[in-house]
Each structure stands twice: as structure tokens, then as C-alpha cells.
There are 2 protein chains.
Amino acid sequence: MKKVAEPTVARLSVYLRVLVELLDSGVTTISSDELARRSGTTAAQVRKDLSAFGTFGKRGLGYSVQELVDALRSILGLQRTWRVALVGAGKIGQALYGYQDFRRQGFHIEAVFDSDPAKIGQRWDGVVVQSERELEAGLAERAIDIVIVAVPASAAQEVVDRVVRAGVRGILNFAPVQLRVPPGVALKNVNMAVEMEGLSFALARGAAGRRGAPTGRTAEE
Amino acid sequence: MKKVAEPTVARLSVYLRVLVELLDSGVTTISSDELARRSGTTAAQVRKDLSAFGTFGKRGLGYSVQELVDALRSILGLQRTWRVALVGAGKIGQALYGYQDFRRQGFHIEAVFDSDPAKIGQRWDGVVVQSERELEAGLAERAIDIVIVAVPASAAQEVVDRVVRAGVRGILNFAPVQLRVPPGVALKNVNMAVEMEGLSFALARGAAGRRGAPTGRTAEE
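Residues numbered from 1 in each chain as written. Chains lettered and ligands numbered in written order. Predicted model: local features only at pLDDT ≥ 70, side-chain atom pairs only at ≥ 80, totals over all residues.

Draft legend 1. Geometry of the overall build of chain A. The number of helices and strands found in chain A is nine helices and nine strands. In chain A, buried positions account for 43% of the 221 residues. Restricting to contacts in chain A with at least 6 residues of sequence separation, those with at least 24 account for 54%. (Helix = DSSP H or I, 4+ residues; strand = E, 2+ residues; numbered from the N terminus. Buried ≥ 20, exposed ≤ 12 C-beta atoms within 10 Å, placed from the backbone. Contact = placed C-beta atoms within 7 Å.)

Given below as C-alpha cells:
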């Protein structure tokens, strides 16, 4: 199967999001120029990204927004439901569980695991928080496709090793640590705290003038 | 000022998080080997990353966890409070506002802006949601250092342009779009949906055997 680079996939996600917004606003067709502008890229890049997956749009007429939404959803594997488990029922886990957009996009959290006796047995809507000791059995029982890791950094690699051994091939990691997975397992990382600290680092080292008057000038680093 | 690469800064954040966990568990010293193992990197990398900022640890004794925590907090600009504004009071904005760890790390959300008349005027703990029309005035009035952008993709670039013109030099973007900022402005991106769709893309294209029995084998791509 043809290899598609990660940045391309990320741009397809962005196009999809822009197009869904347009659809909600009643827009039915869009040019590659306009799609590019709204997605923060170039029309040439849009055409190149899409051409890898088929022929879309008509010369001079642009793309049908609905057709492109359907095609992108299919390309991104979003025309189906993905069965998701959440490991870690702390603050981030709770916020993710309540994040309605995941469900709307077809990612259904079917199981929640934690090691804290105070959390085990809690009922979150339809899902009961299970002991992490039941992880392997729970993943198999519910035929989980994707695991969201929201445990402390020090526990994350062990959780991931167990999840991978249990046959799960997709992991979304929120723990602030570089995780190792074998080939054939897809791993994505989301780390708000690290990004935020990257900002504070840049700002703390940024020279004077950072909080200068809004003159339109940009501070030099 | 010496340039420090972004991956280095991200690793410093990871070390800090690991060390704070250790401190909470009562651990007082740690070797570079152990810090590396818990951070998912090598001891040589740990020593190289830290050596850029001074001399830490004693040969054969390892690092003092407390000393390293203090040093990393200082390096990362976390020994002070950062004044943060949130633009976009939707689901992501609300989740971020409730995310206690930001406050604990010194990032205080001092203002919230939205364009939705139904949200404007809402009181979120101590902060009243303001109209986006008051953005520039509000940022100046509260001496905001960092803006979190949590608006729809189509609105994000305009918000960022206004924020940059108002003199803000740090932006954390949750909108699923590539944003442009001038030199001297630090921009970091967090995109859960894009990461999640990257997983579904990888899994949807992954060959059969993805949900195979937990044999320890890894599926080939």
C-alpha cells in the first residue's frame, strides 16, 4: 500500500474540518484557492494532497464540498466507528471522556481503566471504570481498536507495552513522555503541558520588548 | 542568546514532569540512567540536554531531584506566573479553563473571549466571558502574555493576527489549521482531532491482522 506522509494526513484532517464548517454554513462548492487559504496552505499543495487519492473537482467549477467531505471521511477511515478505551481516569481522562467531538467523529469510548481504588467502580454515563488489572481482558472483550493513554508519565510505557501485547494497533498518548512502540503500531502524542512550557521557555528567553506597546513591530529573538 | 532546539525544550519538560512525580513519591536523588529510562531517552541525551544550562549532579551520586526540579523550572520560565487569555469559550475552551494543571504550573487564565452572544457575560469562576470585539483592549488591560486559541478553524488566523498586533508573543493553538505568525512570536499547536484521525487513517489502511489474537506479533504495514 502506498505510503502517505504524516504531514499529508494532518492536512487532510484540516481540509475535512474546514469543509465541514463550510457545509454547516450552506456552502456547496469551493475552489482549491479558497480551501487552501482557509487551511493555511497553498492551492498547489491542496491539489497535490488530494490527487494522491483520486480525481476531485471540475476545472473552473471547484470542488463539491459534500463530495470532498465524503471522500476525506472515507480516506481518513472516519466512515466507521472506532472502539476506544481510555486508560487513566484522572483530570485529562475525564476531560477527554466528556469531549463530545470524539464521539461525533466516530471515536466511541467503550471502556475506562484506572489503578486508583477510589475511581474503580465509578459509573461514567454508560461506562464503569475498571481496574487496570483487567486491562488485557477488557480490551479483548470489547474489541478495542484504539487506546488513549492518560496516565502519569512514569506509568505510561508499561501501559503501552501491555496494550500492544493485547493486540491494539492505535495509541493516542497524553502522558508527557516519549513512548516506544513496535513497527505496525500507530502512536500519536498530544501534550498540552509540554507545548505550554515551550511557550514559557521561548517567552522567558525572549529579550525585552516582549510586552512592548502594540506597534506592529515583532520582537527579535 | 544561545538557540535551544525545540525537541530539547520538549525533553526538558518531560524530565521536569518525571522529576516532580519522583519528588511526590519521596525520591531525593536519581541517576541520569534512571531519569533517561523514565523519560524514554538515553542517559547521554539527558546529560547533553542538561549540560547546556549548567553543571548538575555529582559523579557517582546522581542528581538531586529537588535541585534539578528548581533548575528546570527556572530554565523553562516556570518560576513565575504567566497571564493567559482564552479566545473561544466552546467545548475545548471550557475543558481547558477547567484544566487545573495549567494553573498549578503558573499559567493563569485571566480573560475569556467569545463571539457568541449566548456566551458573552457568562461568569466562569472569577472571569466573565467578554465579547471578541473587546479582544485588543482586554489583552492590553490585563497585560496578557499568552493567548490560547480555541476558535473554529476558519476564524483562527484572524484571531491570531489581532492577538499578534496587540503585542502578545506566545500563542497556543487548538484550532485545526496551520497558522502564520511573524518572527519573534512563539506558536505551539495542540490538535487532538488531527492526531486521532491520523490514527484512524493508519488503522484503516493497515492490512488484515490488526485485531488478531494477542500473540505478541506486530502487524506489518
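Draft legend 2. Region of interest: the interface of chain B and chain A. Taken together, the 75 residues of chain B in the interface contact 76 residues of chain A. Sorting the residues of the side of chain B that touches chain A by element identifies helix H1 (6-24), helix H2 (32-39), helix H5 (91-97), helix H6 (100-104), helix H8 (153-165), strand S8 (170-173), strand S9 (186-189) and helix H9 (192-205) of chain B as the ones contributing at least two each. Among the elements that line the side of chain B that touches chain A, the one with the most residues is H9 of chain B, at 14 residues.

Draft legend 3. Structural detail: the packing of helix H9 (residues 192-205) of chain A against H1 of chain B. The interhelical angle for the contact between H9 of chain A and H1 of chain B, taken along N-to-C directions, is 115 degrees, at an axis separation of 9 Å. Crossing handedness for the pair H9 of chain A and H1 of chain B: right-handed. Contacts from Ala193, Val194, Glu197, Gly198 and Phe201 of chain A in H9 of chain A reach Glu6, Val9, Ala10, Ser13 and Val14 of chain B in H1 of chain B. When its residues are assigned to classes, the contact of H9 of chain A with H1 of chain B shows six nonpolar, two polar and two charged. (Axes fitted to C-alpha atoms, helices over the stretch in contact; angles between N-to-C directions. Left-handed = near helix turned anticlockwise from the far one by under 90°. Nonpolar A, V, L, I, M, F, W, Y, C, P; charged D, E, K, R; others polar.)

Draft legend 4. Summary view of the sheet that holds strand S3 (residues 82-87) of chain B. Residues and elements named next belong to chain B. On the basis of which strands lie adjacent, the open sheet formed by seven strands has the order S5-S6-S4-S3-S7-S8-S9 and mixed pairing. Two strands close off the open sheet at either side, each with one partner strand: strand S5 (123-124) and S9. Here six bridges tie S3 to strand S4 (residues 107-114), and the two strands are oriented parallel to one another. Bridging across to S4, Trp82 finds its partner in Phe107. (Pairing = 2+ DSSP bridges.)

Draft legend 5. Here's a closer look at the domain arrangement of chain A. Each assigned domain of chain A is listed here: domain 1 (6-75) and domain 2 (82-195). Between the C-alpha centres of domain 1 of chain A and domain 2 of chain A there is a distance of 31 Å. (Domains from an automatic or database assignment.)

Draft legend 6. Focus on the confidence of the model for chain A. All names here are of chain A. Averaged over chain A, the pLDDT score is 86; the fraction of residues at 70 or greater is 92%. Contacts of residues 207-221 to residues separated by more than four positions or lying in other chains number 24 contacts, the stretch itself having pLDDT below 50. Interface confidence for the predicted complex, given as ipTM, is 0.83, next to a pTM of 0.71. (pLDDT = per-residue confidence, 0-100.)

Draft legend 7. Seen up close, the environment of Phe53 of chain B. By the secondary structure assignment, Phe53 of chain B is in the loop between helix H3 (43-51) and strand S2 (63-64). For the pair Phe53 of chain B and Ala71 of chain B, spaced 18 residues apart in sequence, the C-alpha to C-alpha distance is 8.7 Å.

Draft legend 8. Summary view of the relation of the copies chain B and chain A. Of the transformation superimposing chain B on chain A, the axial component is 0.0 Å and the angular component is 180 degrees, with the fit at an RMSD of 0.0 Å. Such a combination of rotation and displacement between the chain copies is what one expects of a two-fold axis. The residues that chain B uses at the interface reappear at the interface of chain A in 100% of cases, marking a shared surface. (Least-squares fit on C-alpha atoms with pLDDT ≥ 70 in both.)

Draft legend 9. Spatial organisation of H8 of chain B. All names here are of chain B. Looking at H8, one finds that the buried residues are Ala153, Ala156, Gln157, Val159, Val160, Val163 and Val164. Burial along H8 is one-sided: seen end-on, the buried residues are contained in an arc of 170 degrees. Trailing H8 by a residue or two, Gly167 shows a phi angle of about 100 degrees, which is positive. (Arc of directions from axis to C-beta.)

Draft legend 10. Inspection of the nonpolar core at higher detail. Membership of the largest hydrophobic core comes to 136 residues, with the highest contact counts inside it found for Val87 and Val149 of chain A together with Val87 and Val149 of chain B. The residues touching Val87 of chain B, leaving out its near neighbours within four places in the chain, are Phe113, Glu132, Leu135, Val147, Ile148, Val149, Ala150, Val151 and Val159 of chain B. (Core = buried A, V, L, I, M, F, W, Y, C linked by C-beta atoms within 7 Å.)

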